[in-house]
Amino acid sequence: MLELGQNTPDASDLIKDVGEEAFMAEVVDGSAEVPVIVDFWAPWCGPCRTLGPMLEDAVKAAKGAVKMAKVNVDEAQRLASALAQQGLPLQSIPTVVAFYQGRPVDMFQGALPQSEIKAFIDRVVQAAGGDASGGLDEAVAAAEEMLTQGAVADAAQTFAAILGEEPAHAQAYAGLVRCYVELGQLDEAEATLNGAPAEIATSAPIEAARAQLELARQAEGAGPLDELHAKVEANPDDHQARYDYAQALYAKGDGQAAVDQLLELFRRDREWNDGAAKAQLFTIFEALKPNDPVVLNGRRKLSSMIFA
């Protein structure tokens, strides 16, 4: 994510008019690392004309920490209808929805004063992990590299040291949780998550760590891979077998195959078990890095099915 202290990007990169065809690329994929604020408006809407420029000013003032997409609902009626079916209340405009990593994280409706718009954007930035202190960035990057290289104990010590300097550092806190998960100390990971400071408890790094813990718990009870594969081959409409097979695949480290099986389950019956396939896909997407090809391709395919 871009930090607030960086030079302001060009306005054309921060604020764009987005139609139905570009929504997936600009908002769903585009919010992988930086939140995208979507302004649903219409030319005949008086409050929209008031809110739009104020929202643009607030986005520019954030200096790249967020981007903005402007969607004219009169020209994107099919998109608005599809999003409404997914639970977004777009019957009234202006409606402003913040997307991060492909999903809504906050919203408001109606025109707001500039101070409340700024508070909204501040919340969105914080939810995406933008509350990190710039002075600790190098230490966080070093700890992440240790974790990637398998030096889990060293990474945990570094994350802990960062938290000694800044107890509410979302990325360091989540990093420590991921270290516990990597070491198989799932109870310690859960206890650490439960003790997260309130101001970061719902931030993106913490949610990602929570998703990794959930998947690790699932892996403990994953069934035999060959047996589950045989069940799916014998009866492609055995949704429970396909769901369990996807869990077993992820437990064995094959995230791409797991996502493929869940997408196939969603294609066959998106409402099965209260939408379990989509929920599991989101858990995997949250657990992996936003720019992971498994996430980018999986989100794109899922969005194509949802908006079809």
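Worth saying up front: this structure is predicted, and the values here are computed from it rather than measured.

Conventions adopted
Residues numbered from 1 in each chain as written. Predicted model: local features only at pLDDT ≥ 70, side-chain atom pairs only at ≥ 80, totals over all residues. Heavy atoms only, no water. Core = buried A, V, L, I, M, F, W, Y, C linked by side-chain atoms within 4.5 Å. Buried < 20%, exposed > 50% of the residue type's maximum accessible area, 1.4 Å probe, protein only. Helix = DSSP H or I, 4+ residues; strand = E, 2+ residues; numbered from the N terminus. Contact = heavy atoms within 4.5 Å. Axes fitted to C-alpha atoms, helices over the stretch in contact; angles between N-to-C directions. Parallel < 35°, antiparallel > 145°, perpendicular 65-115°, else oblique. Left-handed = near helix turned anticlockwise from the far one by under 90°. Nonpolar A, V, L, I, M, F, W, Y, C, P; charged D, E, K, R; others polar. Lys, Arg positive; Asp, Glu negative; His and termini not counted. Salt bridge = Lys/Arg side-chain N within 4 Å of Asp/Glu carboxyl O. Polar contact = N/O pair within 3.5 Å; in protein donor to acceptor, adjacent residues only side chain to side chain. pLDDT = per-residue confidence, 0-100. Pairing = 2+ DSSP bridges. Domains from an automatic or database assignment.

Novice: Account for the nonpolar core, naming residues and giving values.
Specialist: The biggest cluster of nonpolar side chains holds 54 residues, and the ones touching the most others in it are Phe-23, Val-38, Phe-40, Val-71, Leu-83 and Phe-307. Tallying contributions element by element places helix 13 (residues 255-268) first for this core, with 7 residues. Not counting chain neighbours up to four residues away, the residues in contact with Phe-40 comprise Phe-23, Val-71, Val-73, Leu-83, Leu-90, Ile-93, Pro-94, Thr-95 and Val-97.

Novice: Give me the lowdown on the packing of helix 13 against helix 14 (residues 276-287), citing residues and values where you can.
Specialist: Across the interface, helix 13 lies against helix 14 with an axial gap of 9 Å and an inter-helix angle of 155°. Considering the angle they form, helix 13 stands roughly antiparallel to helix 14. In terms of crossing hand, the pair formed by helix 13 and helix 14 is left-handed. Contacts between helix 13 and helix 14 involve Ala-258, Val-259, Leu-262, Leu-263, Leu-265 and Phe-266 from the former and Ala-277, Lys-278, Gln-280, Leu-281, Ile-284 and Phe-285 from the latter. Residues belonging to the contact of helix 13 with helix 14 are distributed by class as follows: 10 nonpolar, 1 polar and 1 charged.

Novice: Go over the side chain of Arg-242, please, and point to the residues and values.
Specialist: Topologically, Arg-242 is positioned in helix 12 (residues 239-251). Lacking a salt bridge, the buried Arg-242 has Glu-264 as its closest oppositely charged neighbour, with an N-O distance of 5.0 Å. Within polar-contact distance, the side chain of Arg-242 engages the side chain of Gln-261 at 2.7 Å. Apart from the residues within four sequence positions on either side, Arg-242 is in contact with Val-232, Pro-236, Gln-261, Glu-264, Leu-265 and Arg-268.

Novice: Give a detailed account of the environment of Gln-91, specifying residues and quantitative values.
Specialist: The residue Gln-91 is located in the loop between helix 4 (77-85) and strand 4 (95-100) in this model. For Gln-91, a relative accessible area of 68% corresponds to the exposed category. Distance from Gln-91 to Ser-81, taken between C-alpha atoms, is 9.1 Å for residues 10 residues apart in sequence.

Novice: Give a description of the confidence of the model for the protein that names residues and reports values.
Specialist: For the protein, per-residue confidence averages 88 on the pLDDT scale, and 93% of positions sit at 70 or higher. Note that residues 1-8 has pLDDT below 50 and, in this model, 21 contacts with residues that lie over four places away or in other chains.

Novice: Which residues make up the pairing of strand 5 (residues 103-109), and what values go with them?
Specialist: Pairing between strand 4 and strand 5: 6 bridges, direction antiparallel. Opposite Thr-95, over in strand 5, you have Gln-109 as the bridge partner. Taken together, strand 4 and the strand that follows it, strand 5, pair antiparallel across an intervening segment of 2 residues, in which Gln-101 is found at a positive phi of about 55°.

Novice: Can you explain the domain arrangement of the protein? Please cite residues and give values.
Specialist: Split into domains, the protein comes out as domain 1 (15-128), domain 2 (136-202) and domain 3 (222-307). Contacts between domain 1 and domain 3 engage 14 residues on the former and 11 residues on the latter. Taken together, the connections running from domain 1 to domain 3 amount to 2 salt bridges. Note that Asp-29 is salt-bridged to Arg-300, the shortest N-O span being 3.0 Å. Where domain 1 touches domain 3, the interface holds 3 residue pairs in polar contact (both at pLDDT 80 or more). Looking at the side of domain 1 that touches domain 3 residue by residue, the classes come out as 7 nonpolar, 3 polar and 4 charged.

Novice: Could you give an account of the environment of Val-36, with specific residues and numbers?
Specialist: The topology assignment puts Val-36 in strand 2 (residues 36-41). Judged by its relative accessible area of 2%, Val-36 falls in the buried class. If we skip the residues at most four places from it in the chain, Val-36 touches Glu-26, Val-27, Gly-30, Ser-31, Lys-67, Met-68, Ala-69, Val-97, Ala-98 and Phe-99.

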